[in-house]
Amino acid sequence: MPRTERTRALRVVLAEDSVLLREGLIGLLARFGHEVVAAVGDADALRDAVAAHEPDIVVTDVRMPPGFQDEGLRAAVALRAERPALPVLVLSQYVQRSYAADLLDAGDGTGVGYLLKDRVGQVEEFADALARVADGGTVVDPEVVRQLLRRHRDPLEALTPREREVLGLVAEGRSNGSIARRLVVTEAAVGKHIGNILAKLDLPPAEDTHRRVLAVLTYLRA
């Protein structure tokens, strides 16, 4: 049940690359008596705004320019590392498990929230979550909890026997062509298996990582 009796006005730095959603959130926050001291559209501007305004709370999207991957969430993790007492509420259309866990681990785990954007449509619940995070509470969407619990299981359990076999051959340093010859399948089939493996191991495309190597490391640690 939302605790709408909370009325403390907050100074908010808002980071959201969608202009329509950003303006909507500004209006929503104002409705509850909060002041958006800066509304920005990328991660660099978010960090600059926090340094300039020292807000009571940060509300940020996950995907932002230039890569539209997890720049906002990485900026939130960095801000929490620099300012462990800074409350941060992340809004996302999906769960990025690795950085979500880092965000929740940052500082002492208080004053942090991770909600899926569908929650913004439940206005009173969103306002209550914002207030609780600003007061040092932790608010995590049930779907985020479910995804993070999966993080503590055997990461290879979701792979089929064939996918495990392919990953084992990747770990031996074999190319897709070599794996195809070994398993007597086409290279296209191997590529499809590897794509499935990377997806199931939660290794989305990223400019600064080599997903094939990360998959091998996961295999070796399991």
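Residues numbered from 1 in each chain as written. Predicted model: local features only at pLDDT ≥ 70, side-chain atom pairs only at ≥ 80, totals over all residues. Heavy atoms only, no water.

Student: How would you sum up the UniProt feature "modified residue: 4-aspartylphosphate" (unreviewed entry) in the protein chain? Please name residues and give values.
Tutor: Under the feature "modified residue: 4-aspartylphosphate" (unreviewed entry), the UniProt entry names D61. Following the sequence through the fold, D61 ends up in strand β3 (residues 57-61). When sequence neighbours within four positions are dropped, the list of residues in contact with D61 reads A15, E16, D17, G72, L73, L91, S92 and K117. (UniProt positions renumbered as here; feature names shortened; annotations may be inferred. Helix = DSSP H or I, 4+ residues; strand = E, 2+ residues; numbered from the N terminus. Contact = heavy atoms within 4.5 Å.)

Student: Tell me about helix α7 (residues 161-171), residues and numbers included.
Tutor: For α7, the full list of buried residues reads E163, V166, L167, G168, L169 and V170. G173 occupies a position one or two residues after α7 and carries a positive phi of about 90 degrees. (Buried < 20%, exposed > 50% of the residue type's maximum accessible area, 1.4 Å probe, protein only.)

Student: Outline the pairing of β3, listing residues and values.
Tutor: With five of five residues buried, β3 is to be regarded as a mostly interior element. On β3, burial covers both faces: I57, V59 and D61 on one face and V58 and T60 on the other are all buried. As paired strands, strand β1 (residues 11-15) and β3 are joined by four bridges and run parallel to one another. Looking across to β3, one finds that L14 is bridged to V59. Across four bridges, the pairing between β3 and strand β4 (residues 88-92) is parallel. Along β4, the bridge assignment pairs V58 with V88. At this point the chain moves from β3, through helix α3 (residues 71-82), to the parallel β4, and the crossover so formed is right-handed. (Pairing = 2+ DSSP bridges. Right-handed = clockwise from strand over helix to strand, strands pointing away.)

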